[in-house]
Amino acid sequence: MNWAAVTFDWNQARAFLATVEEGSLSAAARALKLTQPTLSRQVAALEQALGVTLFERVGRSMVPTAAALELLDHVKSMGEAAARISLSASGQAQAIEGKVSITASDGLAAVQLPSALDRLRREAPGIQVDIVVSNDIRDLRLREADIAIRHVRPDHPDLIARRLPDSVGHLYAMPAYLDRAGRPATLAELSTHDIIGHGDTARMMEFLAAYGLTLTERSFVLSADNGLVVMELMKQGLGITALSREMANTVPGIEAVLPDELAVPIPVWLVTHRELHTSRRIRTVFDLLADELG
């Protein structure tokens, strides 16, 4: 595409086309919902950009010149293409069908999303959902997902966020492990137990230290960067780990360890991009998730 060869904009071409079809500047201005001086300036700007005279005034009518008639078919094609673009965009924006991608952490995706998606399938069966499971923050601005459920508030102005009720995290273990290793009565006793880490154990140590729990690298007998794997290791009685309340509630017989001393609030944010304002499809999923997760 030789962009340098395009010396006019679509608004000018639209003003020209409307004037030809309506027969006068006043009628064209009414059709485009513009003032007559504005439309007249757009036609004049197109004449200047192209270096031709497009109309001759005959009484109250605007009669296209020979040069204008040569351009007319091309401009009509532009108008028809613009109409098709608007129609396609309108259909995509208003139809409650099509794909919506949701990104969430592994634990939240496995434990909390299914019930919400069950309701979505009943209320909007035309929507197809792609779940992007990731413990990293995906960039919605790059359309890596349409909607994200995050534990940190986004700070970019192009993103729309809604705060949902916080979850809470505790340390948990199975009775088999606690019967064998003992139930710690204090944070100091807890520091001698086998800990199952989440991902970066150094970061986890630093985080728990802020709550008064001192651990070392030797405390972490196992670690995984997948929350479901961590939960399964804990279920096998291999140690103590941190879980959200919602994940812990799925495990029969699980015991919270020192829940009064160590309770970590987990903020939950529902995030999307500005297309939320124009896409009924994304708005439907966003509002349903807010209702279900709230």
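Each value, and the rule that gives it
Residues numbered from 1 in each chain as written. Predicted model: local features only at pLDDT ≥ 70, side-chain atom pairs only at ≥ 80, totals over all residues. Heavy atoms only, no water. Helix = DSSP H or I, 4+ residues; strand = E, 2+ residues; numbered from the N terminus. Rg over C-alpha atoms; globule rule 2.2 N^0.38 Å. Buried < 20%, exposed > 50% of the residue type's maximum accessible area, 1.4 Å probe, protein only. Contact = heavy atoms within 4.5 Å. Areas by Shrake-Rupley, 256 points an atom, 1.4 Å probe, with all protein chains shown as cover. Patch = residues over 30% accessible without salt bridge, like charges linked within 9 Å, V, L, I, M, F, W, Y side chains within 5 Å. Salt bridge = Lys/Arg side-chain N within 4 Å of Asp/Glu carboxyl O. Core = buried A, V, L, I, M, F, W, Y, C linked by side-chain atoms within 4.5 Å. Arc of directions from axis to C-beta. Polar contact = N/O pair within 3.5 Å; in protein donor to acceptor, adjacent residues only side chain to side chain.

Looking at the overall build of the protein chain
Within the protein chain one finds 12 helices and 11 strands. A compact globule built from 294 residues should have a C-alpha radius of gyration of about 19 Å, whereas the protein chain, at 31 Å, is more than 25% larger. Each principal axis of the C-alpha atoms in the protein chain carries an extent, and together these give about 100 × 40 × 30 Å. A burial count over the protein chain gives 40% of its 294 residues as buried. Counting contacts in the protein chain only where the partners sit at least 6 residues apart, residues at least 24 apart contribute 73% of the total. When the accessible surface of the protein chain is summed, it comes to about 16,200 Å², and 51% of that surface belongs to carbon and sulfur atoms.

Let's talk about a nonpolar patch on the surface
The grouping of Val 129, Ile 131 and Val 133 at the surface amounts to a nonpolar patch, some 210 Å² of accessible area in total. Relative to the helices and strands, Val 133 resides in strand S4 (residues 127-133).

Focus: the nonpolar core
Core analysis: the biggest nonpolar cluster contains 23 residues, and Ile 102, Leu 113, Ile 147, Ile 149, Leu 270, Val 285 and Leu 289 have the highest contact counts within it. Counting residues per element, this core draws most heavily on helix H12 (residues 280-293), which supplies seven residues. When residues no more than four places from it in sequence are discounted, the contact partners of Leu 113 are Ile 102, Ala 104, Leu 108, Ile 131, Ile 149 and Leu 289.

Quick look at helix H10 (residues 227-235)
Among all positions in H10, only Gly 227, Val 230, Met 231 and Met 234 are buried. An end-on view of H10 places all buried positions within 100° of arc, on one side of the element. In this structure, the buried side of H10 is in contact with helix H5 (106-111), strand S6 (159-173), strand S7 (195-198), strand S8 (220-224), strand S9 (241-244) and helix H11 (245-248). With a side-chain oxygen positioned 2.9 Å from the backbone nitrogen of Leu 228, the residue opening H10 is Asn 226. Gly 237 sits one or two residues past H10 and shows a positive phi near 80°.

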